[in-house]
Amino acid sequence: MTIFIITISCIKQNTNYIQINEEYIDFKTLKRDSSLIKTIYIKNTYPDTIHVDTITTSCECVTMIRKIKKIPPHQKDSIIFKFKAEETGYISRGLSILFKDRQEPFQIIIEGEII
């Protein structure tokens, strides 16, 4: 089994007070039965603590390794998930992060080819 570990530290997706570094993850090509471990950074630029309500995934092939519940003002924290390449072909999976004071969840798309 091959495990790929990728950590990204730049901040891209932005709302009024929540910044998420990556909303689209293209792993290009993975071998079947291998895994990808990914870190997503979330920054709170608001003067109050923000609270994570739920983190959901679109399938059992995406599992959470590290979840967070809250981020203090002007701090950054991370979630970590693992994607297991269980089937061959092109895939598109998702991860949703819902904050308690925000109606729409952040959507993170995971795509690529499994060979």
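What comes next is a walk through the structure. It should be emphasised that the depicted structure is a prediction, and the values quoted were computed from it without experimental measurement.

Considering the packing of aromatic side chains
Evaluation of the coordinates by the stated rule reveals 2 aromatic pairs. Stacked on the ring of tyrosine 41, the Lys or Arg lysine 76 has its end atom at 4.8 Å from the ring centre.

As for the environment of serine 35
Structurally, serine 35 is set in strand E5 (residues 35-44). Each C-alpha atom, one on serine 35 and one on lysine 82, is 6.7 Å from the other, the two residues being 47 residues apart in sequence.

What to know about the state of the cysteines
As enumerated under the stated definition, the model contains 1 disulfide in all. The disulfide partner of cysteine 59 is cysteine 61, and the S-S distance across this bridge is 2.2 Å. Taking the torsion about the sulfur-sulfur bond, which here is approximately -60°, the covalent link between cysteine 59 and cysteine 61 counts as left-handed. This pair shows no difference in class: cysteine 59 is buried, exactly as cysteine 61 is.

Digging into unusual backbone geometry
Positive phi, normally seen in glycine, also occurs at lysine 28, with a value near 65°. The residue lysine 28 is located in strand E4 (residues 24-30) in this model. The exposure class of lysine 28 is exposed, given its relative accessible area of 57%. Positive phi, normally seen in glycine, also occurs at aspartate 33, with a value near 70°. By secondary structure assignment, the location of aspartate 33 is in the loop between E4 and E5.

Things to note about the sheet that holds E4
Read from one edge to the other, the open sheet built from 5 strands follows the order E4-E11-E10-E6-E8, with strand pairing classed as mixed. In this open sheet, the two edge strands, each paired with only one partner strand, are E4 and strand E8 (70-71). Sheet topology places strand E6 (residues 50-57) next to E8; 2 bridges connect them, and they run antiparallel. Bridge pairing in E8 places histidine 51 opposite lysine 70.

Let's talk about the pattern of salt bridges
All chains considered together, the criterion is met by 4 salt bridges. For glutamate 87, the salt bridge is made with arginine 93, and the minimal N-O distance between the two is 3.1 Å.

Focus on the pairing of E6
With 5 bridges connecting them, E6 and strand E10 (residues 89-99) associate as antiparallel partners. Note on E10: the bridge partner recorded for valine 52 is phenylalanine 99.

The rules behind the values
- Residues numbered from 1 in each chain as written.
- Predicted model: local features only at pLDDT ≥ 70, side-chain atom pairs only at ≥ 80, totals over all residues.
- Heavy atoms only, no water.
- Phe/Tyr/Trp six-rings, centres within 6.5 Å; stacked < 30°, edge-to-face > 60°.
- Lys NZ or Arg CZ within 6 Å of the ring centre and 35° of its normal.
- Helix = DSSP H or I, 4+ residues; strand = E, 2+ residues; numbered from the N terminus.
- Disulfide = S-S within 2.5 Å.
- Buried < 20%, exposed > 50% of the residue type's maximum accessible area, 1.4 Å probe, protein only.
- Pairing = 2+ DSSP bridges.
- Salt bridge = Lys/Arg side-chain N within 4 Å of Asp/Glu carboxyl O.

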